[in-house]
Amino acid sequence: MKKIELIDVGYYVVPLESILVDALHGEHKNFELVTATVKLSDGSIGTGYTYTGGFGGAAIAKMIESDLKPLLIGKEVLPPEQMMKYMNTRIHYVARGGIASFAISALDIAFWDADLKGRSIPLCEALGSKSQKVKTYYGGIDLAFTEKELLDSLQKQIENGHTSVKIKLGKADEKEDIARVKAVRKLVGDDAIFMVDANMIWSVPQAIRMAKALEEYNIFWLEEPTNPDDYEGYAKIGQTTTIPIAMGENLHTIYEHELAVKVGRISYPIPDCSNICGISGFLQVAKLAKEYSLPVSSHGMQELHVNVLAGLENRGYLEFHSFPIYKYTIDPIQVKDGYVEPSKDPGVGVNFDWDILGQYKQ
Ligand SMILES: [Mg+2]
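Predicted model, so just to flag it, every value in this text is computed and none were measured. (Residues numbered from 1 in each chain as written. Predicted model: local features only at pLDDT ≥ 70, side-chain atom pairs only at ≥ 80, totals over all residues.)

**Overview of the overall build of the protein chain**
Quick reminder of the rule: What counts as a helix is a DSSP run of H or I of at least four residues, what counts as a strand is a run of E of at least two, and both are numbered from the N terminus. Radius of gyration here uses only the C-alpha atoms, and the compact-globule reference equals 2.2 Å multiplied by the residue count raised to the power 0.38. Partly exposed residues are those whose C-beta has more than 12 but fewer than 20 other C-beta atoms within 10 Å; 20 or more makes a residue buried and 12 or fewer makes it exposed, with C-beta atoms placed from the backbone.
The number of helices and strands found in the protein chain is 12 helices and 13 strands. For 362 residues, the compact-globule estimate of 2.2 N^0.38 gives 21 Å, and the protein chain sits close to it at 20 Å. Expressed as lengths along the three principal axes of its C-alpha atoms, the size of the protein chain is roughly 60 × 40 × 40 Å. Across the 362 residues that make up the protein chain, the buried fraction comes to 51%.

**Topic: the pairing of strand 4 (residues 134–139)**
Short version of the rule: Here, strands pair whenever DSSP counts at least two bridges between them.
In terms of residue burial, strand 4 counts as a mostly covered element, since 5 of its 6 residues are buried. Relative to strand 13 (residues 339–340), strand 4 runs antiparallel, the two being bridged by 2 bridges. When the bridges of strand 13 are listed, Lys135 appears paired with Tyr339. Of the pairings in the sheet, the one linking strand 4 to strand 5 (residues 165–168) comprises 2 bridges and is parallel in character. Of the residues in strand 5, the one forming a bridge with Gly139 is Lys166.

**A short note on the domain arrangement of the protein chain**
To keep it simple, the criterion reads: Per the annotation, domain bounds derive from an automatic or database assignment of domains. Once C-beta atoms are placed from the backbone, any two residues with those atoms within 7 Å are in contact.
Each domain of the protein chain was delimited in the assignment, giving domain 1 (4–120 + 354–358) and domain 2 (124–340). Counting from both sides, the interface comprises 29 residues of domain 1 and, opposite them, 30 residues of domain 2. Residue assignment for the side of domain 1 that touches domain 2 shows that the elements contributing at least two residues are strand 1 (4–22), strand 2 (26–40), strand 3 (45–52), helix 2 (80–95), helix 3 (99–118) and helix 12 (354–358). Looking at which element gives the most residues to the side of domain 1 that touches domain 2, the answer is helix 3, with 8 residues.

**As for the nonpolar core**
The following threshold applies: Remark: nonpolar core denotes a set of buried Ala, Val, Leu, Ile, Met, Phe, Trp, Tyr and Cys residues whose joining runs through C-beta atoms within 7 Å.
Ranked by size, the top nonpolar core spans 103 residues in total, and within it Ile64, Ala103 and Leu107 carry the most contacts. Among the elements that line this core, the one with the most residues is helix 3, at 13 residues. Built from parts of two domains, this core gets at least three residues from each of domain 1 (4–120 + 354–358) and domain 2 (124–340).

**Quick word on the environment of Gly43**
Within the fold, Gly43 resides in the loop between strand 2 and strand 3. Separated by 17 residues in sequence, Gly43 and Gly26 have C-alpha atoms that sit 44 Å apart.

**Topic: the sheet that holds strand 2**
Test applied: Axis angles are defined between N-to-C directions and span 0 to 180 degrees, where every axis is a line fitted to C-alpha atoms and, for a helix, only to the segment in contact.
Spatially, 3 strands are ordered 1-2-3 in an open sheet, and the strand pairing comes out antiparallel. Lying at the two open borders of the sheet, with one neighbouring strand each, are strand 1 and strand 3. Along the sheet, successive strands turn relative to each other by an average axial angle of 20°, direction set aside. Sheet strands touched by helix 1 (residues 57–72): strand 1, strand 2 and strand 3. Its angle to strand 1, the strand with the most contacts, is close to 165°. Of the strands in this sheet, strand 2 and strand 3 are in contact with helix 3, which crosses strand 3 at around 150°.

**Brief notes about the pairing of strand 1**
Both strand 1 and strand 2 contribute to a ladder of 14 bridges, which runs antiparallel. Bridge pairing links Val21 to Glu27 in strand 2.

**Section: helix 11 (residues 302–309)**
With 8 of its 8 residues buried, helix 11 lies for the most part within the structure. Taken residue by residue, helix 11 has Gln302, Glu303, Leu304, His305, Val306, Asn307, Val308 and Leu309 as its buried positions.

Structure follows, in structure tokens:
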């Protein structure tokens, strides 16, 4: 019987190269990374992590240290999904869907990593695929860029190997949003996959109006047009436009994802392993999506999600997010012709370069 011997928590504040802005969250000057490394009694070690846009990371680290660690040290190791449920039943009362989902995510990923490293299996292989490259798109956080800066930034990403892009919308002047979409469509060409993301800023009537105006630009999906709690609003928006609707980064329980699919009738569920209770939570959403014949895509932490999506039959798109966590790993992922290859390393495939990351430790 394997037991949990040690849990080591790390909290990092990593500066971004430039200030990134979206419609609702304001400026991002840095991102936070919370890591959890577990050591099991058979000697296997695994590391998991979660991230934020700059707020809440210290509270997540504290919850792991003060609440989850005492629950777990000395406990028998169960399969990851059971570990995830065990952690959830103990702390959901105070933090359901919030900090709890982030804290559990870091530990869930760590347990997956330790288990797979112990068995010398890469994550994508454990999920079903030996080496399946994953379609990706560049996800800019670019609302504050001038139109020229926006186009220059996307051109740079195209030169880096991207073939698909997503931009932020939600300018105070709707005409400016439309002009940016028109300019980006011209830059990427008629056939390129091109998504837009309003980061929840519009009312339902405004989202309906904007979706109508965007239809002529062949938008692949419209992400988070309105408040993610308004599932009926999502259904209304989806019914009035030909553009498929996407959401998921603000849904932090499987129940919320069920509402988005069943009530909100979205076309593209986009969970994130950092806030949906880890890989175990992400797989629940992937299963839900499959039941509704939908693909599952990912938000953020592309260095991990490539290895999850590569293993799934109903894989959708990997977001290549603007928080470059991958730059702090050994053997960082690379984009080639719009695809990313999964890791062949045993474990979840994300091994941090602690020397580089260490300078940002709090
Ligand atoms: Mg988004």
